[in-house]
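# What the coordinates show
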There are 2 protein chains.
Amino acid sequence: MLTKKAYYAFQALTHLVEKYNDGPVLISEIAEQKKIPLKFLENILLQLKNTGVLDSKKGKGGGYFLKNKPSDTRIATVFRMIDGPIAMLPCVSLYFYQRCENCNEKFCGLHDILVEVRDATLNILENRTLADLALKDKNPVLHLKPYS
Amino acid sequence: MLTKKAYYAFQALTHLVEKYNDGPVLISEIAEQKKIPLKFLENILLQLKNTGVLDSKKGKGGGYFLKNKPSDTRIATVFRMIDGPIAMLPCVSLYFYQRCENCNEKFCGLHDILVEVRDATLNILENRTLADLALKDKNPVLHLKPYS
DNA sequence: AGCAAGTCTACTCATTTGGTAGGCTATTGT
DNA sequence: ACAATAGCCTACCAAATGAGTAGACTTGCT
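About the criteria used
Residues numbered from 1 in each chain as written. Chains lettered and ligands numbered in written order. Predicted model: local features only at pLDDT ≥ 70, side-chain atom pairs only at ≥ 80, totals over all residues. Heavy atoms only, no water. Contact = heavy atoms within 4.5 Å. Salt bridge = Lys/Arg side-chain N within 4 Å of Asp/Glu carboxyl O. Helix = DSSP H or I, 4+ residues; strand = E, 2+ residues; numbered from the N terminus. Nonpolar A, V, L, I, M, F, W, Y, C, P; charged D, E, K, R; others polar. pLDDT = per-residue confidence, 0-100. Axes fitted to C-alpha atoms, helices over the stretch in contact; angles between N-to-C directions. Parallel < 35°, antiparallel > 145°, perpendicular 65-115°, else oblique. Left-handed = near helix turned anticlockwise from the far one by under 90°. Near = heavy atom within 4 Å. Polar contact = N/O pair within 3.5 Å; in protein donor to acceptor, adjacent residues only side chain to side chain. Phe/Tyr/Trp six-rings, centres within 6.5 Å; stacked < 30°, edge-to-face > 60°. Buried < 20%, exposed > 50% of the residue type's maximum accessible area, 1.4 Å probe, protein only. Least-squares fit on C-alpha atoms with pLDDT ≥ 70 in both.

With an unreviewed UniProt entry as reference, chain A is termed Rrf2 family transcriptional regulator, source organism Paraflavisolibacter caeni.

## Description of the interface of chain A and chain B
Chain A puts 40 residues into the contact, and the matching count from chain B is 40 residues. The interface formed by chain A and chain B holds two salt bridges in total. Residue Arg128 of chain B pairs with Glu116 of chain A through a salt bridge whose shortest N-O separation is 2.6 Å. Elements with a contribution of two residues or more to the side of chain A that touches chain B: helix H1 (4-18), helix H4 (75-83) and helix H5 (109-125) of chain A. When residues of the side of chain A that touches chain B are assigned to their parent elements, the largest contribution, eleven residues, is made by H5 of chain A. Taken together, the residues of the side of chain A that touches chain B sort by class into 24 nonpolar, five polar and eleven charged.

## Digging into the confidence of the model for chain A
On average, chain A scores 91 in pLDDT, and the residues at 70 or more come to 91%. At the level of individual helices and strands, chain A shows its lowest average pLDDT in helix H2 (residues 27-34) of chain A, which scores 96, and its highest in strand S2 (residues 63-66) of chain A, which scores 98.

## Let's talk about the packing of helix H1 (residues 4-18) of chain B against helix H2 (residues 27-34) of chain B
Residues and elements named next belong to chain B. Between H1 and H2, the least distance of the axes is 10 Å, while the angle of their chain directions is 115 degrees. When the axis of H1 is compared with that of H2, the two are roughly perpendicular. Along this stretch, H1 crosses H2, giving a crossing that reads as right-handed. The residues of H2 that touch H1, namely those facing Gln11, Ala12, Thr14, His15 and Leu16, are Glu29, Ile30, Gln33 and Lys34.

## With respect to the protein's contact with DNA strand D
With respect to spatial proximity, 24 residues lie near DNA strand D, and among them Tyr8 and Lys39 of chain A together with Lys49, Ser56 and Tyr64 of chain B are the closest. Counting only atoms of DNA strand D within 4 Å of the protein, the fraction found in sugar and phosphate groups is 73%. Lys4 of chain A places a main-chain nitrogen or oxygen 3.1 Å from a phosphate oxygen of DNA strand D. Between Tyr8 of chain A and DNA strand D, the recorded distance is 3.0 Å, taken from a side-chain N or O atom to a phosphate oxygen. Among the elements of the structure, H1 and helix H3 (38-50) of chain A together with helix H3 (38-50), strand S1 (54-57) and strand S2 (63-66) of chain B are those that each provide at least two residues to the surface near DNA strand D. Classifying every residue of the surface near DNA strand D gives eight nonpolar, five polar and eleven charged.

## Remarks on the packing of aromatic side chains
All names here are of chain A. One pass over the full model with this rule turns up six aromatic pairs over all chains. A centroid spacing of 6.4 Å and a plane angle of 40 degrees characterise the contact between Tyr7 and Tyr8, whose relative ring orientation is tilted. Both residues of the pair, Tyr7 and Tyr8, belong to the buried class. These aromatic residues form a ring-pair network of at least three members: Tyr7, Tyr8 and Phe40.

## Observations regarding the relation of the copies chain A and chain B
You can overlay chain A on chain B at an RMSD of 0.1 Å; the transform is a turn of 180 degrees with a shift of 0.0 Å along its axis. The two molecules are tied by a two-fold rotation axis, judged by turn and shift. Within chain A, Ala120 of chain A has its C-alpha nearest the rotation axis, a separation of 3.0 Å. Comparing interface residues between copies, 100% of those in chain A also sit at the interface in chain B, which points to an isologous, same-surface contact.

## Structural notes on the protein's contact with DNA strand C
The full set close to DNA strand C counts 25 residues, and Lys49 and Tyr64 of chain A together with Tyr8, Lys39 and Phe40 of chain B are the nearest of them. A share of 73% of the atoms of DNA strand C within 4 Å of the protein falls on sugar and phosphate groups. With respect to DNA strand C, the side chain of Lys49 of chain A contributes an N or O atom lying 2.7 Å from a phosphate oxygen. A distance of 2.3 Å separates a base oxygen of DNA strand C from a polar side-chain atom of Lys39 of chain B. Elements that contribute at least two residues to the surface near DNA strand C include exactly H3, strand S1 (54-57) and S2 of chain A together with H1 and H3 of chain B. In terms of residue count, H3 of chain A provides more of the surface near DNA strand C than any other element does, four residues in total. Looking at the surface near DNA strand C, its residues break down into eight nonpolar, six polar and eleven charged.

Listed below in structure tokens is the structure:
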């Protein structure tokens, strides 16, 4: 499960993608729009800045904005920054690998299964970007008369 | 990430798969073999019994054993029993669904992405069973002479 | 100068995780 | 019958994590 922090991060990023090219956006605006506790959001945005996803401007007219084009930041990257490993066990993680103490990977059926899960997951998360978060009409309204 | 509880559960199940047909296995044997704290393992096995994966026998000659054939219990099932939802957000969970409060699924890019992840993950976890946990030689030794 | 932003440090509180302790109950061998 | 065996059950506990909050500080703009 995603933490709330990561969930908020993605919501905030969604907002920033939608406002991309509109200049810096206030923390307070995002907090209000997305109903995220302001001070908590501060932490999150700061963390996203420190890891290179966002940039900010202080003073009047300041705020947060995406450092790069939306399509240049992978979902997987944000994920790892906020929640850490994507894999289900350290012994199958690419970025946070740690050897199992009690089991030999060579003979561990669970390891195999979780590697498959990891690869399937990464195949998605590494190939989607912030651009994919933005609002899009998935159910185009078909301007039909209601029956009867 | 899996909890330790789930990890222990899978280790214990692996042992029980390997001893399938050998009759009941003592908790203490599993605990020792897999280096799992005994009392913690008790809880775990009991939970697996109460949810229908394992069965047990008391008294001398007793112990735990698989209730069904290894190939009849899906990995996904065990997963859900111990750690709960497999999906990354409640709003994309099949078994633990809960609506998002702040976002409209119809217009949420994140939702789409996480549905994909869920499907890819389940495709694996629902199609692997306890039988896949068991020890198998993945790197067959090629009886070659060491060079020189 | 003075205001408007973000930045930083440090707390707090609730929940979950990862256990432990100890007695109770059912089964079985003698 | 009864002791030994082995799982069952209730309760507790400590550390870590998650989810925030408070408040002072810095920087940039006008």
